[in-house]
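Examination of the molecular architecture
Chain residues, written in single-letter form:
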Amino acid sequence: MPGLDARLPEGDPLTAWDRRRADYRLVSPANRRKFTVIVVGTGLAGAGAAAALGELGYRVECFTFHDAPRRAHSVAAHGGINAARARKVDGDSIARFVVDTVKGGDFRGREADVVRLATESVRVIDHLQAIGTPFAREYGGQLATRSFGGVQVSRTYYSRGQTGQQLQIAAAQALLRQVERGSVRLHTRTEMLDLIVADNRAQGIVTRNLVTGEITAHPAHAVVLATGGYGSVYFHSTLAMNSNATATWRAHRRGALFASPSFVQFHPTALPVSSHWQSKTTLMSESLRNDGRIWVPSTAGDDRPPNDIPESERDYYLERRYPAYGNLTPRDIASRAARTEIEAGRGVGPLQNSVYLDFRDAIERLGRDTIASRYGNLFEMYYDATGEDPYTVPMRIAPGAHFTMGGLWSDYDQMTTIDGLFVGGEAGSNYHGANRLGANSLLSACVDGWFTLPFSVPNYLAGVGASTELIAPDAPEVTEAIAAVRNRADTLLANNGTRRPATFHRELGEILYRGCGVSRSDTGLRTARDEVRALREEFWADVKVAGAADRLNQELEKAGRVADFLELAELMIDDALDRTESCGAHFRAEYATDEGEARRNDEQWANVSAWETTPEGQHIRHLESLRFDLVPLQVRDYR
């Protein structure tokens, strides 16, 4: 089977993006209003793409299942946004950014895309300032930066401990400016449930109005999916409760390949699960690892209060194992190390399922006021969630399902294997490889939305032609997609079951945490796959969805999303079983070094696995070979 063609530019990789952008075909201003572009999602990628395309003069239809665009989940990324602007004179550069990101992803991401990310990072900060983001500043007025995991420079720009929220507010306001001008039509409380594909290209979507239940087809010349990641498949995750994979999974079932689904990041500074019945976990920003020190008691089972444990009986295990990076090791390594300590009996807290993040030394060195100015709102969040004061008692943290490096496969122009279907932000898979470095999430979403899709989508539209009409409402592909959505809803509502959808979701999360979590094994994965298949059968036999389809029905929404999670989970497990190596967040116990670190197999697996799911549910793997021109393949070592 021939490998996937990412359509990478040839020549000097550091100038590849500038050359590709210069070669893109253009659409004249007079013809832009003849094209309709659908953007699904209003986070940083979706809001940026919709606002930019609207500003250029295209007719943009923008969809979100939220009640307002600013409620998109980008608000949850507190820590900061990376940019290779080299303002600290600490050795940073675009080349250094590429090295850190490719290495951080354990050489399983596309280097050429990382170069684009680094190149545009220099412009992103100025743009975000211009649209209203209040970045932190030094005394003299220069923008402030701090460090994040996996790097030894200071390139992370931030807005206290609420960077994502401030960026999202600015992006939402830019989007609403286009709504007011009439270039963007915003559809709130509307969920995409299927993709319309005709003549081998994306030509629209089918949605359900979450208030009225109305199912509608929306035609377009191109579709952009910016709907976020699928970490909530684990139930207990740092994502919002409504975050889901339905838009990307429905597109996948229409033919868009799904890449690297098993590459899931477990954030090392999530709050530990305190009860089986809690609905989600809470994320504490990675920025806390700049000044907080992570430790556990040296002796297993030591249940003394943390402030009663003397310094000589504390194990600052990240500083001990990885002295070059210490507490700023990449997330996959920090999470795996925490899980090792917990499983060895050195976990702390009422359930012995966490480790300490301690600010005692930083407060003594810098003063409480300085720490409060950097992390005050995060400390308040922690106090509200736990009732404990992190200024006087160490925080308790644990790995939690967080970011997904996998997503819809796309080429260098961010177009999927369906012509006219583009992907941006965490819904895609092109930057982060097997592990994302902190503060690259906000950056990749902004680069996609503001600086990539506004060039690559018009390039595609120029080939479609301004005289191309939208697909007819009564076209067979449209009526079939609408019927499929209605039939799915009717089937769920007619099921005479006894269990609510959320109970299946919770059980699925438990299976995945056990079998496809921070570490995996052949036996555990095979057991998990059997359990997921049995759970899916039970779901369709015993799910109970109350209410009706023609009104607000959150149980129906949940049931559809869980049904998609159950299919996605099996693909995640198949991908993890298939990839017989350890790399980044994909840690197979059978493929580890003597020191317990990940052991890659570059000879066989220096590639991206992009999966097709047949109508019968079979999974077929396609491969994209990866090449590294700037960062030679090497063992990832943070010691």
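Right above here is the structure, for reference.
In this report, we go over the structure that sits alongside the text. No experiment lies behind these values; they were computed from the predicted model shown. (Residues numbered from 1 in each chain as written. Predicted model: local features only at pLDDT ≥ 70, side-chain atom pairs only at ≥ 80, totals over all residues. Heavy atoms only, no water.)

1. What about the packing of aromatic side chains?
Aromatic rings considered in pairs are described by the distance between their centres and by the relative angle of their planes. Going through the model one piece at a time under the given rule, you end up with 20 aromatic pairs. Ring geometry for Trp17 against Tyr412: centres 6.2 Å apart, planes inclined by 65°, an arrangement best described as edge-to-face. Taken together, the residues span a long stretch of sequence, with Trp17 in helix H1 (residues 16-23) and Tyr412 in the loop between strand S17 (407-408) and strand S18 (421-423) at a distance of 395 residues. We classify Tyr412 as buried; its relative accessible area is 0%. Taking the centre distance of 5.3 Å and the plane angle of 85° together, the rings of Phe504 and Phe539 count as edge-to-face. Residue Phe504 is located in helix H14 (residues 501-515), and its partner Phe539 is located in helix H15 (residues 522-542); the two are separated by 35 residues in the primary sequence. With respect to class, Phe504 is no different from Phe539; both count as buried. Against the face of Phe403 rests Arg436, its NZ or CZ located 4.1 Å from the ring centre. (Phe/Tyr/Trp six-rings, centres within 6.5 Å; stacked < 30°, edge-to-face > 60°. Helix = DSSP H or I, 4+ residues; strand = E, 2+ residues; numbered from the N terminus. Buried < 20%, exposed > 50% of the residue type's maximum accessible area, 1.4 Å probe, protein only. Lys NZ or Arg CZ within 6 Å of the ring centre and 35° of its normal.)

2. Quick word on the packing of H15 against helix H16 (residues 554-578)
Two quantities define a packed helix pair, namely the angle between the helix axes and the distance between the axes. Remark: H15 packs on H16, axes separated minimally by 9 Å, with the N-to-C direction vectors making an angle of 160°. Comparing the axis directions of H15 and H16 gives the class roughly antiparallel. In the crossing of H15 with H16, the sense of the turn from one axis to the other is left-handed. Across the interface between the two elements, Asp522, Leu525, Arg526, Ala528, Arg529, Val532, Arg533, Leu535, Arg536, Phe539 and Trp540 from H15 touch Ala559, Val562, Ala563, Leu566, Glu567, Ala569, Glu570, Ile573, Asp574, Ala576 and Leu577 from H16. Grouping the amino acids of the contact of H15 with H16 by side-chain chemistry returns 14 nonpolar, no polar and eight charged. (Axes fitted to C-alpha atoms, helices over the stretch in contact; angles between N-to-C directions. Parallel < 35°, antiparallel > 145°, perpendicular 65-115°, else oblique. Left-handed = near helix turned anticlockwise from the far one by under 90°. Contact = heavy atoms within 4.5 Å. Nonpolar A, V, L, I, M, F, W, Y, C, P; charged D, E, K, R; others polar.)

3. Details of the sheet that holds strand S10 (residues 222-225)
Here five strands make up an open sheet; going across it, the order is S6-S2-S1-S10-S18 and the pairing parallel. The sheet is open, and its two edges are formed by strand S6 (184-187) and S18, each paired on a single side. Each neighbouring strand pair of the sheet contributes to a mean axis angle of 20°, computed without reference to strand direction. Pairing of strand S2 (residues 59-63) with S6 involves four bridges; the strand directions are parallel. Along S6, the bridge assignment pairs Glu61 with Arg185. (Pairing = 2+ DSSP bridges.)

4. Here's the deal with the side chain of Lys558
Counting through the fold element by element, Lys558 comes out in helix H16. Among buried charged residues, Lys558 stands out as having no salt bridge; its nearest opposite-charge side chain is Glu555, 8.2 Å away. Among the polar contacts made by the side chain of Lys558, one reaches the side chain of His505 at a distance of 2.8 Å. When sequence neighbours within four positions are dropped, the list of residues in contact with Lys558 reads Pro501, Ala502 and His505. (Lys, Arg positive; Asp, Glu negative; His and termini not counted. Salt bridge = Lys/Arg side-chain N within 4 Å of Asp/Glu carboxyl O. Polar contact = N/O pair within 3.5 Å; in protein donor to acceptor, adjacent residues only side chain to side chain.)

5. As for the pairing of strand S15 (residues 355-358)
Of the two faces of S15, the one lined by Val355 and Leu357 and the one lined by Tyr356 and Asp358 are each fully buried. Relative to S15, strand S13 (residues 293-297) is paired through three bridges, and the arrangement is antiparallel. What sits directly across from Ile294, in S15, is Leu357. Across three bridges, S15 lies against strand S16 (residues 395-404) in antiparallel orientation. Bridge pairing in S16 places Tyr356 opposite Arg396.

6. Observations concerning the packing of H14 against H15
Two elements in contact, H14 and H15, have axes whose closest approach is 9 Å; the angle formed by their N-to-C orientations is 175°. As summarised for this structure, H14 and H15 are arranged roughly antiparallel, according to the angle between their axes. For the pair H14 and H15, the contacting residues are Phe504, Glu507, Leu508, Ile511, Arg514 and Gly515 in the first and Gly524, Leu525, Ala528, Glu531, Val532, Leu535, Glu538, Phe539 and Asp542 in the second. Taken together, the residues that form the contact of H14 with H15 break down as eight nonpolar, two polar and five charged.

7. Focus: the pairing of strand S7 (residues 190-198)
Of all nine residues in S7, seven are buried; the element is thus mostly enclosed. Pairing of S7 with strand S8 (residues 201-209) involves eight bridges; the strand directions are antiparallel. Along S8, the bridge assignment pairs Thr190 with Asn209. Two successive antiparallel strands, S7 and S8, enclose a turn made up of two residues, where Asp199 displays a positive phi of approximately 55°.

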